[in-house]
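Chain by chain, the residues:
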Amino acid sequence: MRKPVLLGALFVAGGIASVACAMDATEVMKKSNIQNYYSGNDGRAKVEMSITDSQGRQRKRIFDILRKNLEKGGEQRFYVYFKEPTDVEGMVYMVWKHPGKDDDRWLYMPALDLVKRIAASDKRSSFVGSDFVYEDVSGRSPDEDTHEIQDEDEDFYIIKSTPKDPKNVEFSYFVSYISKENFLPMKIEYYNKEEVLSRIIETMDVKEIQGHPTIVDYRAKNLETGSETLMDFTEVKYDIGLPDDIFTERYLRRPPRKWLD
Amino acid sequence: MVKKQLFVIVVLSLCVGLFSKAYAFRLGKNGPRVYGFIETDFGVKFDHDEDTKHTHYNLAEQKLQLKTRLFPENPAFLYDWNAELNIKAELTLDEYFDTTLDKTFREFSLSVSPASFMDVKLGKQIFTWGTGDYLFINDLFPKDYVSFFIGRNDEYLKKPSYGTKASIYLKNSNIDLVYLPFVESNTVPNGTRLSFYDVFQQGIVGASSSFSVHRPDRTLGNAEYAARWYGNVSGYEWAFYFYDGFYKSPRGFYDEMNKVVFYPRLSVYGASLRGAIFRGIGSVEFGYYDSRKDRSGTNRLIPNDRVKFLVGYEKDLGHDFSIGVQHLFEQMLNYNNYYDARMPWDIIYDRYYHLSTLRLTKLFKNQTVRTGLFVFYSETDRDTYWRPYVSWDVTDNFNVTVGANLIWGKRDTSEFGQMEQDKNVYLRMRWSF
């Protein structure tokens, strides 16, 4: 008489436990997203990207980035001031990030005094020709995928994420290795539509800056093309008190030296 | 002679471009960084155009551009006002005109912020606003259409002017006020590089074109004024525009008997809206061209009032491929008065004018190879202008661009049709530092 009740209870408990695990995966990814993209109320960094193609040819992209959160895990503003190469020097790329819908983007070209509005619903295209896509730099919302814990050890959560809208992305799923110590992704493996490993992003260095664990060195490897990009963050600062109006047309035409230097 | 010089320069540029490493110049040991480039351009005509100065080509030049930014700290108020001096100088060796050396500043301006809500920029600078792509409704700042048709870099479509721009930043909107004391007009084909329809000779002419242009005297009374009041509501950018000055191309007849054209007085009132729609960017722009000296339309020597309406849409289709389309609609007002006032030899313009454009852009090889096509097509005139190009960043410092300007049109009197003989292919090589 008791056995079925006990078995029933066990099933229910097992059911609750497995539901709890699925929630944990999303919770982990949400926490990781906040840790990686939303630290502090605002921030700045100097970024250097080195792109090496399969024939060993090197290209460099150097830019300064300013970021402000309008809400934690939600709307953000980005201001990217290009310094190198010379033909993009002085160009400014500005983004109003809206999770769940298309971002608003602008590009300022100083040689023409032109404020161009960028039509870009594709968040998976290469950022300035590197092996990082736009969403790697601005952040992919955890709500865009369903997450499950594939594996776990004492150092990492290994989470498999599958896109809710597969048409919009170039991968069939990705696997993140989230550090249990700081919730930053140490490695992310992207599997293409044929479910073959096609791109790897690895964290090469983490530093604690103003109490926030920060990734300061990334490496992205495109296994299909054989190219590789290193992305280096220096002079990272948080909570510098960036005003909202930095992210307006005024500062596209006149870079705010006070915040960039 | 010229061919040999060109060959040497091309080879030198290639060597310099391929084997050089990037390095930066500075003014003085720890001075400001000087950026720039050395470029060689060459444009060959498709048809032998015997009308223009040179039959086989319309572009052959080498250019050195230097730009720098200085932050003056003396006198003290300049430091408080966050002063910035922008200088962009160019030296051009122009083989088209028997190897003349041209020196010019494309920019020489001082930007200051005298108050937290205000920026002022004065000096020689480029001014741009409006929502069109190669089409300008409320941007009445001077353009260089010769550069556009012969294959120079897009940068040269816009001409710098001397002026002052005061920008005032309010809570929900901003105002730009522009004062241009020295009228600068568009650079339009005049026969030396590009042949065109000469109304006096009633046919396509080149260097034999002999009319003259009466320019407005550079007095205070002839200054141009432009203003823009604009804002952004949840990513939708709205703007109202005003311009007071002159037609930018010489569209009026000053002295018909003696073949003199001029720039009649013009005011333009307009508005625009741009924002995200259908997962792309949509824009609409409107302009009312008030031809002040001929508001009734009865003077055949001065253009009538016009309204212009532009609609545009741009979308990114993924994989670095994007598409943009525009449609321009113009209507000449008081058309009946214009029609009645015509002389038998006048060109008959239509009341309505339609122009569509298409832009396709595709990037390859980690965005180092850019390919594109821009097409103008007028449903009214049935003429078309194609601008295909391929641009390759061989290294971060060396770029090679090949493109063409292809024009077809049945009528010699239409906007593009008149330039049919000017079809060309160009090559540009740029080494940046």
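Computed from a prediction, not measured in an experiment: that's the story for all the values here.

### Here's the deal with the overall build of chain B
A tally of helices and strands in chain B yields 4 helices and 24 strands. Its C-alpha atoms give chain B a radius of gyration of 23 Å, near enough to 22 Å, the size a compact globule of 433 residues would have. With respect to the three principal axes, the spread of C-alpha positions in chain B is 70 × 60 × 50 Å. Per-residue burial over chain B gives 34% buried out of 433 residues. Of all intrachain contacts in chain B linking residues separated by at least 6 positions in sequence, the fraction that spans at least 24 positions is 58%.

### Side note on the interface of chain B and chain A
The interface is formed by 33 residues belonging to chain B together with 28 residues belonging to chain A. Elements supplying a minimum of two residues to the side of chain B that touches chain A: β2 (33-45), β7 (161-169), β16 (265-277), β17 (280-290) and β18 (306-316) of chain B. In terms of residues, the side of chain B that touches chain A owes the most to one element, β18(B), which gives 3 residues. Partitioning the side of chain B that touches chain A into residue classes produces 8 nonpolar, 15 polar and 10 charged.

### Observations regarding the confidence of the model for chain B
Confidence in the prediction for chain B averages 91 pLDDT; 94% of positions are at 70 or higher. Both confidence scores are given for the complex: pTM 0.90, ipTM 0.90.

### Some remarks on the confidence of the model for chain A
In this model, chain A carries an average pLDDT of 90, and 91% of its residues clear a pLDDT of 70 or more. Within the model, pLDDT remains below 50 along residues 10-22 of chain A, and this stretch shows 2 contacts once partners closer than five positions in the same chain are excluded.

### Side note on the sheet that holds strand β15 (residues 260-262) of chain B
Backbone hydrogen bonds hold the strands of a sheet together, and the pairing may be parallel or antiparallel. All names here are of chain B. In space, the 3 strands of this open sheet follow the order β11-β15-β14, with mixed pairing throughout. A strand with exactly one partner marks an edge of an open sheet, and here the two such strands are β11 (212-214) and β14 (252-255). Shown here is a sheet whose adjacent strand axes are inclined to one another by a mean of 45°, direction ignored. Judged from the 3 bridges that link them, β11 and β15 form a sheet pairing that is parallel. Each bridged residue has a counterpart across the sheet, and for histidine 214 the counterpart in β15 is phenylalanine 262.

### Things to note about the pairing of β17(B)
Residues and elements named next belong to chain B. Here β16 pairs with β17 via 11 bridges, running antiparallel. Note that in β17 the partner of alanine 271 across the bridge is phenylalanine 286. Count of turn residues in the β16/β17 antiparallel hairpin: 2 residues, of which phenylalanine 278 carries a positive phi of about 45°. Looking at chain direction, β17 and β18 are connected through 9 bridges and run antiparallel.

### Digging into the environment of Lys315(B)
Of note, Lys315(B) is situated in strand β18. Placed 29 residues apart in sequence, Lys315(B) and Phe286(B) show a C-alpha to C-alpha distance of 22 Å.

### Regarding the pairing of β14(B)
Residue and element names in this part refer to chain B. Note that β14 and β15 share 3 bridges and pair antiparallel. In the strand pairing of β15, aspartate 255 is matched with valine 260. Counting the residues between successive antiparallel strands, the hairpin from β14 to β15 contains 4 residues, one of them, lysine 259, with a positive phi of roughly 55°.

### Points about the nonpolar core
Within soluble globular proteins, side chains that are nonpolar generally end up buried alongside one another. Formed by 34 residues in total, the largest nonpolar core has its most connected members in Tyr79(A), Val92(A), Met94(A), Ile246(A) and Leu252(A). Counting residues per element, the ones that place at least two in this core are β1 (42-52), β2 (58-69), β3 (76-84), β4 (92-97), β10 (185-192), β12 (212-222), β13 (227-238) and α3 (249-253) of chain A. The element that contributes the greatest number of residues to this core is β4(A), accounting for 4 residues. Sequence-distant contacts of Ile246(A), that is, excluding residues within four places in its chain, are made with Leu66(A), Tyr79(A), Tyr251(A), Pro256(A) and Trp259(A). Ranked by size, the runner-up nonpolar core spans 23 residues in total, among them Ile137(B), Ile204(B), Val205(B) and Leu355(B).

The rules we used
Every chain begins its residue count from 1, and numbering advances along the sequence as written. Chain A is the first chain written and ligand 1 is the first ligand written, with later ones labelled in order. This being a predicted model, a pLDDT of at least 70 is required before a residue's local features are given, and a value of 80 or more before pairs of side-chain atoms are given or counted; all residues contribute to the totals for chains, interfaces and linings. Strands here mean DSSP runs of E at least two residues long; helices mean DSSP runs of H or I at least four residues long; both are numbered from the N terminus. Within these notes, the globule rule equals 2.2 Å times the number of residues to the 0.38 power, and the radius of gyration is based on C-alpha atoms. Whether a residue is buried, exposed or partly exposed follows from its count of other C-beta atoms within 10 Å of its own C-beta, namely 20 or more, 12 or fewer, or something in between, respectively; the C-beta atoms are built from the backbone. Each residue gets a C-beta atom placed from its backbone, and two residues are in contact if those atoms lie within 7 Å. When residues are sorted by character, Ala, Val, Leu, Ile, Met, Phe, Trp, Tyr, Cys and Pro go into the nonpolar class, Asp, Glu, Lys and Arg into the charged class, and all the rest, Gly among them, into the polar class. A residue's pLDDT is simply how confident the predictor is in it, with values from 0 to 100. Criterion used throughout: strands pair if DSSP finds at least two bridges between them. Structural elements are reduced to axes, namely lines fitted to C-alpha atoms, with helices fitted over the stretch in contact, and the angle between N-to-C directions of any two is expressed from 0 to 180 degrees. To count as a nonpolar core, a set of buried Ala, Val, Leu, Ile, Met, Phe, Trp, Tyr and Cys residues must be joined through C-beta atoms within 7 Å.

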